[in-house]
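As a plain string of letters, each chain reads:
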Protein chains: 2
Amino acid sequence: MTEGTGRVRLHFAPADREVRVPPGVSVFEAASWNGIAIDSTCGGHGTCKKCKVRLLSGEAPVNPLDERAFDAAQLASGWRLACLVSTHEDLDVEVPPLVTRPKAATVGAGRQVILRPAIQKRYVELTEPSLSDQTADLERLLGAIDDLEPRVHLHALRRLPSVLRTSDFKVTAVVVDDLLVDVEPGDTTGRRYALAFDLGTTTVVATLVDVDTGTPAAIASMLNKQQPFGGDVITRISATMMDPEALGRLRQLAQETLAELTANVCAEAAVDPHEIYEVALAGNATMTSLVLGIDPEPLGVAPFILPTAAPYGLTAEDLGLDVHPAAPAVVLPALGAYVGGDIVAGMLASGMDRDKRIRLFVDVGTNCEIVLGDGDRILATAAPAGPAFEGGAIRCGMRAADGAIEVVRITDEDVDLEVIGDVDPAGLCGSGLVDAVAELVRVGLVDASGRFVTDDQADARAPKLAGRLTEINGERAFVLRWQGIEGDPTGSVYLSQRDIRELQFAKAAISTGWSLLLEEFGVEPREVQQVLLAGSFGSYLSPASAVRIGLVPPLAVLRIVSAGNVAGEGAKMTLLSIQERAGADALLEEVHYVELSDRSDFNDRFVEQLSFPTD
Amino acid sequence: MTEGTGRVRLHFAPADREVRVPPGVSVFEAASWNGIAIDSTCGGHGTCKKCKVRLLSGEAPVNPLDERAFDAAQLASGWRLACLVSTHEDLDVEVPPLVTRPKAATVGAGRQVILRPAIQKRYVELTEPSLSDQTADLERLLGAIDDLEPRVHLHALRRLPSVLRTSDFKVTAVVVDDLLVDVEPGDTTGRRYALAFDLGTTTVVATLVDVDTGTPAAIASMLNKQQPFGGDVITRISATMMDPEALGRLRQLAQETLAELTANVCAEAAVDPHEIYEVALAGNATMTSLVLGIDPEPLGVAPFILPTAAPYGLTAEDLGLDVHPAAPAVVLPALGAYVGGDIVAGMLASGMDRDKRIRLFVDVGTNCEIVLGDGDRILATAAPAGPAFEGGAIRCGMRAADGAIEVVRITDEDVDLEVIGDVDPAGLCGSGLVDAVAELVRVGLVDASGRFVTDDQADARAPKLAGRLTEINGERAFVLRWQGIEGDPTGSVYLSQRDIRELQFAKAAISTGWSLLLEEFGVEPREVQQVLLAGSFGSYLSPASAVRIGLVPPLAVLRIVSAGNVAGEGAKMTLLSIQERAGADALLEEVHYVELSDRSDFNDRFVEQLSFPTD
């Protein structure tokens, strides 16, 4: 496997879950992103020695810190600290069940979160009322939890008289933030669940979180049911402008998506939906508006205005969810019409507000959000990359589903493809597109301007590949996989000249964005110490290819890391810690939003960025 | 007309409304109780000279303060200050339209309330957003009303983007307490409505209030639709204990009653229900629980426990109301299971927490609430009076509807009746019952023990009435009105020996209550400076008769005043003034509740109180 291009497979036992992650990601992070709980209190620095796992197959070097945690026999039988194992080959990993309840959980890009959830449960045994003590039920309960001073939801008030009397006045008060949401018979303090949503334009992910332990109880994802209204936010906004019924329908579809995911994670984890006392949602500004039934039109037309930066005081009911009827909803705040709650969540999960390194956060998608910061100063912007990364406007483009080529490696001899689902290749998804172009540039079949070279040049540079350069549907193309007879392009999977142009436009938009941010920040591209690739697409991008086509600054590939589903992780963090929740709000003050469409030099910069870097 | 027994009729022009009030009530108060707006800023002390009215028929003496307000010609043509006209005969009163907007309104028992409603409207003209000012819509609006710092209801957030853009960013923010409930196009500051409910077990009254002026815009009342479940709170509580469906049904019926009244007042005043931004509700503890869907069982069985003393954070939606969708609801707090929000409202409206006189507040009904205070110290209790005052358990008893005898005067010669609706008498309502017994005691046909005298004694004491003493259905009775042939009791309206016993039990419960409170307070009955008779029944009780039977302490009748619908007035006050609203909460701390069922001497006292006072 060539470092920086392929993907490694990790199998976790006894959960029997297989995940595919970019190489270089630690086993601990890979597990954490995928909802497999590994104990840790040090935040992945090899010091707490809690994240002990055993490699059942595959090799990992012994780190000096491993030698402090294990004896020679344990090391020989494969025991390692999960945070120190950098994945560079397929591994089969045994994760021992949690023996201690962590007081902290690791979430996001290695962020250690001290558990301080808004959901609190208090078990109390109350004195029963009498003619000489006629204190009202609620005041009796509140007196026993008088450090909390919560407001009271009508649902809790309705349940109170009968719950008290059917449980001998031994009850558990459920308080979320400053609201008493319920009173439950007996001691239920061990069961506290919350639900985090990453409401993407394309994909929606729900993570059911046990806030008592900080670990995910179940994860589910599905396509956003709004798809029929168009693949990107602009088509959905347009729909609401053309049809007065569309807003209501889009709201309903988004809510149905959330509801279905809720049912799925509850079924998987055997959790009663009414045990979900709080939900959090991270989405871009348009998705957030649509799911709340707010007219998104001002987001879609200049000057691109949010209905609100910080939607407070919402409830799960406002999101159409059948969880606990009094559950509040945290909706992640937004910086701008095109830097939404998903990005704020991402910044939170990746520690953009804390890490002192100069870091560039890039969420690659139709709309690409870019954040640059050093922990003290943070700049953010949004670049319209278009649909290329999601397979749109690409001749053989498709989403990252079964049959999609997700990895392309080109040698002088041949073209090596990795296809999702171990089926015949049917098309190219975004990471495959970036790989294909990057590899063609590397082997010299595409020049720096983005043009396929001539047949003569191809014969000279890569004679065994030159035959794949042909004309398909009237334009020059490179065949990645022949279908049937070699030389006959019918049904083949190929990359056309216009496909390369689409990618050039997309990557130019993004690199114009970060180059302007770097300039505003006063640093050179090479001074960036880490690039975080986020989003459902960005996380799967090959760092080497991203550098090759100039999508990210020219850094060593190890400095370019996949951040995973940081939007969902950020949403989860707000459920696990009220301090992190405050941190999300603080980001609104700390981050300076740079509007690109306002810059007179944007077009010049954009043109400069169209070509690919030359070594 | 004998002072203290009859009722006087007031006709108000140009509103063309006729009301019937106990004599001694000022024209100003009578108008205020009945929703006729008369300007005033001094609170009915004759000093602001704003409450100018003209008597079109009927006479009232000229007060020295009238001479400061009017010249001789005006006085001669009937002009008077409404607060100084004590009604002792039928009057036809012309009320000039309001010329100035009062900064204060008079409500309750002459309480002057400085208008400081929770509903605030702010008209703002915002700068339109641009690429160089991308402040979100909500933050832009909140910036313009930054002294308020409200929370934001989703309804307001949903409306915001389109309302701003369809009204050139000239909008009115509607803030109720600390909640932004709406944003309206243009300047709507002149229209602010709220709705006060007196949710009685029998009768429900809705008052639509213009909080901009403090005046009622419309008043409507109707029977509580829960009636089929029983006439009193105990039968309704019992229903919920026997049938698990009953609570939901009772909630629905109460909510339907409120909804119908809402529609009625809105139609009468031509107010859009969505212009009602806040509601307040005063009800006894059972009615309050039922309308909110809270199990009332602990209210009905010892030790008689409230679900909560102070139900905060409720909404009009919780009450099933179709007013403004984000309207909050103020539900008056309660002191105990049998001293509910209606009584707290009554205390507020009658100034029990402020007036320095020793005052006794008695809300007469099936459950009778009694409050004794001097402004510094306040005691309260509840006495179970039974259904006699509402016509229950009385042979010829009926509610105060058409055909009910409401006033009875007995001379040595004859029996004089006043009947509601100018129809033939069909039965006795509560005030008629009290009058009848009081008059029979006064003329000596009923002795102090409550027994009808013998025929011989009757012949001696009132020969012209003795023929009315007869036997009906096996018990001794006094015929108030023969039906058909005199001497034939068939179909007559009469008072039986058992009826008198029912009334004795009722009045004994009440007088035991106030006598114990007086003792606890350390004052003698004759030291009480004012008795306020409240409630839909109490307000219509003849003070002289109440004294005669010992229902109230033996005071001069002028010290016994009708307080009117104080529950509804108290609810209204909470809508007009956030200070008064805080006052209602403060009452919870200030008032000491005395539980009668806990007292070992209750039964002895009760027996002592059964007999009627002897002069």
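Since the structure is predicted, the reported quantities are computational estimates derived from the model, not experimental observations. (Residues numbered from 1 in each chain as written. Chains lettered and ligands numbered in written order. Predicted model: local features only at pLDDT ≥ 70, side-chain atom pairs only at ≥ 80, totals over all residues. Heavy atoms only, no water.)

Draft legend 1. Broad picture of the relation of the copies chain A and chain B. The two copies are related by a screw motion: chain A maps onto chain B through a turn of 180° and a shift of 0.0 Å along the axis, at an RMSD of 0.1 Å. One copy is carried onto the other by what is essentially a two-fold rotation axis. Every residue of chain A has its C-alpha some distance from the rotation axis, and the shortest such distance is that of glycine 313 of chain A, at 6.4 Å. Mapped onto chain B, 100% of the interface residues of chain A are again interface residues, and the two copies thus contact each other with one and the same surface. (Least-squares fit on C-alpha atoms with pLDDT ≥ 70 in both. Contact = heavy atoms within 4.5 Å.)

Draft legend 2. Structural context of a nonpolar patch on the surface. Together, Met241, Met242 and Val301 of chain A make up an exposed nonpolar region whose accessible area comes to about 310 Å². Within the secondary structure, methionine 242 of chain A is located in helix 6 (residues 233-242). (Patch = residues over 30% accessible without salt bridge, like charges linked within 9 Å, V, L, I, M, F, W, Y side chains within 5 Å. Areas by Shrake-Rupley, 256 points an atom, 1.4 Å probe, with all protein chains shown as cover. Salt bridge = Lys/Arg side-chain N within 4 Å of Asp/Glu carboxyl O. Helix = DSSP H or I, 4+ residues; strand = E, 2+ residues; numbered from the N terminus.)

Draft legend 3. Layout of the interface of chain A and chain B. Tallying the contact residues gives 41 residues for chain A and 41 residues for chain B. Buried surface at the junction of chain A and chain B, both sides included, amounts to about 3100 Å², of which 61% is carbon and sulfur. The largest contributions to the chain A side of the interface with chain B come from Leu131, Gln134 and Arg158 of chain A, which together make up 20% of the buried area. At the junction of chain A with chain B, the criterion picks out 0 salt bridges. Seen at the junction of chain A and chain B, the total is 18 residue pairs in polar contact (both at pLDDT 80 or more). Counting only elements with at least two residues in the side of chain A that touches chain B, the list comes to helix 4 (137-144) and helix 5 (154-166) of chain A. (Buried area = accessible area lost by both parts, 1.4 Å probe. Polar contact = N/O pair within 3.5 Å; in protein donor to acceptor, adjacent residues only side chain to side chain.)

Draft legend 4. Looking closely at the side chain of threonine 172 of chain B. Residues and elements named next belong to chain B. Topologically, threonine 172 is positioned in strand 10 (residues 170-176). What makes threonine 172 buried here is its relative accessible area of 0%. For threonine 172, the side chain forms a polar contact with the main-chain nitrogen of threonine 188, separated by 3.0 Å. Beyond its immediate stretch of four places on either side in the chain, threonine 172 contacts Lys121, Arg122, Tyr123, Asp182, Val183, Glu184, Gly186, Asp187, Thr188 and Thr189. (Buried < 20%, exposed > 50% of the residue type's maximum accessible area, 1.4 Å probe, protein only.)

Draft legend 5. Inspection of a negative patch on the surface at higher detail. Residues and elements named next belong to chain A. Taken together, the side chains of Asp16, Glu18, Glu59, Glu89 and Asp90 make up a negatively charged region of the molecular surface. Positionally, aspartate 90 belongs in the loop between strand 4 (79-81) and strand 5 (91-94). A relative accessible area of 39% means that aspartate 90 is categorised as partly exposed. (Lys, Arg positive; Asp, Glu negative; His and termini not counted. Charge placed at Lys NZ, Arg CZ, Asp CG, Glu CD.)

Draft legend 6. Geometry of the environment of alanine 263 of chain A. As for its position among the elements, alanine 263 of chain A is in helix 7 (residues 246-269). Separated by 262 residues in sequence, alanine 263 of chain A and proline 525 of chain A place their C-alpha atoms 46 Å apart.

Draft legend 7. Examining a positive patch on the surface more closely. All names here are of chain A. Positive charge collects at one region of the surface, where Lys49, Lys50, Lys52 and Arg68 lie side by side. Mapped onto the fold, lysine 50 is located in the loop between helix 1 (27-33) and strand 3 (52-57). The exposure class assigned to lysine 50 is partly exposed, which follows from its relative accessible area of 34%.

Draft legend 8. Just the packing of helix 7 (residues 246-269) of chain B against helix 8 (residues 285-292) of chain B, in detail. All names here are of chain B. Running from N to C, helix 7 and helix 8 cross one another at 95°; their axes reach a closest spacing of 7 Å. Considering the angle they form, helix 7 stands roughly perpendicular to helix 8. Side by side, helix 7 and helix 8 meet where Leu247, Leu250, Arg251, Ala254, Gln255 and Leu258 of the first sit next to Leu290, Val291 and Leu292 of the second. (Axes fitted to C-alpha atoms, helices over the stretch in contact; angles between N-to-C directions. Parallel < 35°, antiparallel > 145°, perpendicular 65-115°, else oblique.)

Draft legend 9. Spatial organisation of unusual backbone geometry. Residues and elements named next belong to chain A. The linkage connecting alanine 13 with the following residue, proline 14, adopts the cis geometry, with an omega of 0°. Along the polypeptide, proline 14 turns up in the loop between strand 1 (8-13) and strand 2 (17-21). The residue after alanine 302, namely proline 303, is reached through a cis peptide bond having omega 5°. Relative to the helices and strands, proline 303 is located in the loop between helix 9 (297-300) and strand 16 (314-315). Phi is positive for phenylalanine 304, close to 60°, though the residue is something other than glycine.

Draft legend 10. Just the packing of aromatic side chains, in detail. Residues and elements named next belong to chain A. As enumerated under the stated definition, the model contains 8 aromatic pairs over all chains in all. Taking 6.0 Å as the distance between ring centres and 75° as the angle between the ring planes, the aromatic pair formed by phenylalanine 304 and tyrosine 338 counts as edge-to-face. Within this pair, whereas phenylalanine 304 is found in the loop between helix 9 and strand 16, its partner tyrosine 338 is found in the loop between strand 17 (328-331) and helix 10 (341-349), the two being separated by 34 residues in sequence. By the burial criterion, phenylalanine 304 is buried, and tyrosine 338 matches it. Clustering of aromatic rings is evident, with ring pairs tying together Phe505, Phe602 and Phe606. For arginine 377, the ring lying beneath its charged end belongs to phenylalanine 521, and the centroid distance is 4.7 Å. (Phe/Tyr/Trp six-rings, centres within 6.5 Å; stacked < 30°, edge-to-face > 60°. Lys NZ or Arg CZ within 6 Å of the ring centre and 35° of its normal.)

Draft legend 11. Seen up close, the pairing of strand 19 (residues 367-373) of chain B. Residue and element names in this part refer to chain B. Among the 7 residues that make up strand 19, 7 are buried, leaving the element largely enclosed by the rest of the structure. Neither face of strand 19 is exposed, since Asn367, Glu369, Val371 and Gly373 on one face and Cys368, Ile370 and Leu372 on the opposite face are all buried. For strand 18 (residues 359-363) and strand 19, the ladder comprises 5 bridges, and the chain directions are antiparallel. Among the inter-strand pairings, phenylalanine 361 is bridged to a residue of strand 19, identified as valine 371. Here strand 19 pairs with strand 20 (residues 378-384) via 7 bridges, running antiparallel. Across the sheet, the residue bridging to glycine 373 is isoleucine 378, located in strand 20. A loop of 4 residues connects strand 19 with strand 20, the two strands running antiparallel in sequence, and glycine 375 in this loop sits at a positive phi of about 90°. (Pairing = 2+ DSSP bridges.)

Draft legend 12. Seen up close, the environment of valine 441 of chain A. All names here are of chain A. Take valine 441: it is sitting in helix 11 (residues 430-443). Taking the C-alpha atoms as reference points, valine 441 and valine 181, separated by 260 residues in sequence, lie 59 Å from one another. Setting aside residues no more than four positions away along its own chain, valine 441 makes contact with Val446, Arg548 and Phe612.

Draft legend 13. Focus on the pattern of salt bridges. Evaluation of the coordinates by the stated rule reveals 60 salt bridges over all chains. Measuring nitrogen to oxygen at the nearest pair gives 3.9 Å for the salt bridge that ties arginine 605 of chain B to aspartate 601 of chain B. A residue is classified by how much of its surface remains accessible, and aspartate 601 of chain B, at 22% relative accessible area, is partly exposed. Counted as one network, the salt bridges with shared partners bring together Glu519, Glu520, Arg599, Asp601 and Arg605 of chain A.

Draft legend 14. Quick look at the sheet that holds strand 14 (residues 215-223) of chain A. Residues and elements named next belong to chain A. The sheet built from 6 strands is open, its strands ordered 14-13-12-15-17-16 with mixed pairing. One side of each edge strand has no neighbouring strand; the edge strands of this open sheet are strand 14 and strand 16. Of the strand pairs in this sheet, strand 16 and strand 17 are connected by 2 bridges, and their pairing is antiparallel. From the neighbouring strand, leucine 314 faces strand 17, where its bridge partner is alanine 329. This element, helix 7, spans strand 12 (193-199), strand 13 (203-210), strand 14 and strand 15 (276-283) of the sheet and lies at about 140° to strand 14.

Draft legend 15. Main features of helix 4 (residues 137-144) of chain B. All names here are of chain B. Burial in helix 4 covers these residues: Asp137, Leu138, Arg140 and Leu141. The arc that holds the buried residues of helix 4, viewed along the axis, is 160°, so those residues lie on one side. Elements that come into contact with the buried residues of helix 4 comprise strand 8 (119-125), strand 9 (151-152), helix 5 (154-166), strand 10 and strand 11 (179-185). (Arc of directions from axis to C-beta.)

Draft legend 16. Seen up close, helix 11 (residues 430-443) of chain B. All names here are of chain B. Spanning 14 residues, helix 11 covers 20 Å between terminal C-alpha atoms, matching the ideal 20 Å at 1.5 Å per step. Burial of helix 11 is extensive: 13 of the 14 residues sit out of reach of the surface. Remark: glycine 444 follows helix 11 within two positions and exhibits a positive phi of approximately 90°. (Expected span 1.5 Å × (residues − 1).)

Draft legend 17. Summary view of the confidence of the model for chain A. All names here are of chain A. Mean pLDDT for chain A: 90, with 95% of residues reaching 70 or above. This model gives residues 1-5 a pLDDT under 50, and the stretch forms 15 contacts once residues within four places in sequence are excluded. Interface confidence for the predicted complex, given as ipTM, is 0.80, next to a pTM of 0.80. (pLDDT = per-residue confidence, 0-100.)

Draft legend 18. Representation of the nonpolar core within the structure. Within the largest apolar cluster, 112 residues are counted, with the highest numbers of intra-cluster contacts made by Leu141 and Leu180 of chain A together with Leu195, Leu258, Val279, Leu319 and Met347 of chain B. Of all the elements, helix 7 of chain B adds the most residues to this core, at 7 residues. Beyond its immediate chain neighbours, meaning those up to four positions away, leucine 319 of chain B contacts Gln255, Leu258, Val279, Leu281, Val291, Leu292 and Ala329 of chain B. By size, the runner-up hydrophobic cluster in this structure holds 111 residues, among which are Val330, Ala382 and Ala534 of chain A together with Leu126 of chain B. (Core = buried A, V, L, I, M, F, W, Y, C linked by side-chain atoms within 4.5 Å.)

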